[in-house]
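Take a look at the letters that make up each chain.
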Amino acid sequence: VTKALGLAQERHYKVKKEILANSLNHLRRIETFIPADYSESVKIAVIAQALNVRQLLNDSDPAAAKRLLQRALNPKQKSKSLSLEVAAWLLVILDKQPAYSADVKLLRNYIDGQIKETASTASANEIGYDGLWDYCIFASLRRTDATILEALMVDQPKSELIPKLVKGLLAH
């Protein structure tokens, strides 16, 4: 909802400042609203998406994105917590920050290494998070592809993957 409000405001539709401010404040405190029984990978995804939406609305928090990346890469995790979606959301936040260039390189390499390409299309083909909570966060293969596409358009606008991802999305 907050992303839609921000996009509407960007396109000069009237959006009450109080509503947008309350929505941003909610995203700043998103961790307090995540159910305790969500898996770690789903919690990380919710936080990453909140950080990404804040970035889009000029309320960037690259330090929080860096901490979340470290949390997702924690080797003590029982399962993989860095999904392709999370990598794409964090890439957009850290992209223009020189202090995080090593993290940006890591995220780019991670995304590039997970993309499945044919001669004309590309897709992530990532299953999701843990299956149990995917529906709560609307996780899907196509959303992952679209999230990666959006990140590449910001981070690497001349990437050969962009038209391939578009073709792949349109094929479904």
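Rules behind the numbers
Residues numbered from 1 in each chain as written. Predicted model: local features only at pLDDT ≥ 70, side-chain atom pairs only at ≥ 80, totals over all residues. Heavy atoms only, no water. Buried < 20%, exposed > 50% of the residue type's maximum accessible area, 1.4 Å probe, protein only. Helix = DSSP H or I, 4+ residues; strand = E, 2+ residues; numbered from the N terminus. Arc of directions from axis to C-beta. Contact = heavy atoms within 4.5 Å. Core = buried A, V, L, I, M, F, W, Y, C linked by side-chain atoms within 4.5 Å. 1 Å grid on protein atoms, 1.4 Å probe; cavity = no way out; pocket = protein on both sides within 12 Å on 5 of 7 lines; lining within 4 Å. Points joined across faces, edges and corners; volume = space filled by probe spheres on them. Nonpolar A, V, L, I, M, F, W, Y, C, P; charged D, E, K, R; others polar. pLDDT = per-residue confidence, 0-100. Salt bridge = Lys/Arg side-chain N within 4 Å of Asp/Glu carboxyl O.

## Observations regarding helix α8 (residues 161-170)
So, point 1. Listed as buried for α8 are Leu161, Ile162, Lys164, Leu165 and Gly168. Seen end-on, α8 carries its buried residues on one side only, within an arc spanning 165°.
So, point 2. Residues of α8 that are buried in the fold lie against α6 (101-114), β1 (116-117), β2 (122-123) and α7 (141-155).

## What about the nonpolar core?
So, point 1. Of all hydrophobic cores here, the largest spans 48 residues; its most connected members are Leu51, Val86, Leu90, Ile111 and Ile148.
So, point 2. Put simply, the parts of the chain that give this core at least two residues each are α2 (17-28), α3 (40-56), α4 (62-72), α5 (84-94), α6, α7 and α8.
So, point 3. Ranked by the residues each element gives to this core, the list is headed by α5, at 10 residues.
So, point 4. What Ile148 contacts, discounting residues up to four positions off in sequence, is Leu84, Ala88, Ile111, Ile115, Ala124 and Leu165.

## A short note on the layout of surface pockets
So, point 1. A volume near 490 Å³ is recorded for the largest pocket.
So, point 2. Lining the largest pocket are 22 residues, and of these Leu27, Ile30, Val46, Gln49 and Ala50 sit closest to its centre.
So, point 3. Mapped by element, the contributors of at least two residues to the lining of the largest pocket are α1 (2-10), α2 and α3.
So, point 4. Sorting elements by how many residues they give to the lining of the largest pocket places α3 first, with five residues.
So, point 5. Considered class by class, the residues forming the lining of the largest pocket number 16 nonpolar, four polar and two charged.

## Quick notes on the confidence of the model for the protein
So, point 1. Averaged over every residue, the pLDDT of the protein is 90; the share at 70 or more is 91%.
So, point 2. Across the protein, element-level confidence peaks in α4 with a mean pLDDT of 96 and bottoms out in β2 with 90.

## Re the environment of Gln9
So, point 1. Structurally, Gln9 can be placed in helix α1.
So, point 2. Counting along the chain gives 48 residues from Gln9 to Leu57, while the straight-line C-alpha distance between them is 9.8 Å.
So, point 3. Ignoring anything within four residues of it in the chain, the contact list for Gln9 reads Val15 and Leu20.

## Quick notes on the pattern of salt bridges
So, point 1. Scanning all chains against the criterion turns up 14 salt bridges.
So, point 2. Asp95 is the salt-bridge partner of Lys96, the closest N and O atoms lying 2.5 Å from each other.
So, point 3. Between Lys164 and Glu117 there is a salt bridge; the shortest N-O distance is 2.8 Å. You can see Lys164 sitting in helix α8 and its partner Glu117 sitting in strand β1, a full 47 residues away along the chain.
So, point 4. The exposure class assigned to Glu117 is partly exposed, which follows from its relative accessible area of 48%.
So, point 5. Among the ionic contacts, a cluster of salt bridges with common partners joins Arg28, Arg54, Asp59 and Asp61.

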